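Results of the structural survey
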Amino acid sequence: MDFMNSPIAWLAWTGLHMSPWKLIGLIGALMFGGRWLVQFIASKRHGKPVIPRAFWYMSLLGSVMTLSYFVFSQKQDSVGVIQNLFPAFTAAYSLYLDIKHRGWRRDRASH
């Protein structure tokens, strides 16, 4: 068994049997889900629906991390690959459009 699919030894005392790939997948899933909290906070601050750039970064990074878990770990689940492939491309394109529209500096344009 390779390192990335072996249980992380220092987590054994907790009873958690987690490999580095599983940890990457879980962090990716938390990041992908946490983007909604970022969007909620930004909308609450502006008093209208807003999608901040951090939402797209979290979407892209979370999708790629979760996708890598389903592709490279022992899990190798085609449902997980398909489930995360489309959001990764959508987030990358939306991030591209956001940067193209507003530039790298956020103060050039409003939401």
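Each remark here, short or long, concerns the structure printed above.
Summary of the structure given here. This one's a predicted model, so the numbers in the text were calculated from it and none came from an experiment.

Overview of helix H3 (residues 78-102)
With 25 residues, H3 extends 36 Å between its outermost C-alpha atoms, agreeing within 8% with the 36 Å of an ideal straight helix rising 1.5 Å per residue. Inspection of H3 places Gly-80, Asn-84, Pro-87, Ala-88, Ala-91, Ser-94, Leu-95, Asp-98, Ile-99 and Arg-102 among the buried residues, and these make up the whole buried set. Packed against the buried residues of H3 are helix H1 (20-46) and helix H2 (53-72). The N-cap residue of H3 is Asp-77: its side-chain oxygen and the backbone nitrogen of Val-79 are 3.1 Å apart.

Points about the pattern of salt bridges
What the rule picks out here adds up to 2 salt bridges. Ionic pairing is found between Asp-98 and Arg-53, a salt bridge with its closest N-O pair at 2.7 Å. Residue Asp-98 is located in helix H3, and its partner Arg-53 is located in helix H2; the two are separated by 45 residues in the primary sequence. Per residue, the accessibility class of Asp-98 equals that of Arg-53, and both read buried. Between Asp-98 and Arg-102 there is a salt bridge, with its nearest N and O atoms 2.4 Å apart. One end of the pair is Asp-98 and the other is Arg-102, both in helix H3 and 4 residues apart, which spans about a single turn. Both residues of the pair, Asp-98 and Arg-102, belong to the buried class. One salt-bridge network, held together by shared partners, links Arg-53, Asp-98 and Arg-102.

What counts as what
- Residues numbered from 1 in each chain as written.
- Predicted model: local features only at pLDDT ≥ 70, side-chain atom pairs only at ≥ 80, totals over all residues.
- Heavy atoms only, no water.
- Helix = DSSP H or I, 4+ residues; strand = E, 2+ residues; numbered from the N terminus.
- Expected span 1.5 Å × (residues − 1).
- Buried < 20%, exposed > 50% of the residue type's maximum accessible area, 1.4 Å probe, protein only.
- Contact = heavy atoms within 4.5 Å.
- Polar contact = N/O pair within 3.5 Å; in protein donor to acceptor, adjacent residues only side chain to side chain.
- Salt bridge = Lys/Arg side-chain N within 4 Å of Asp/Glu carboxyl O.

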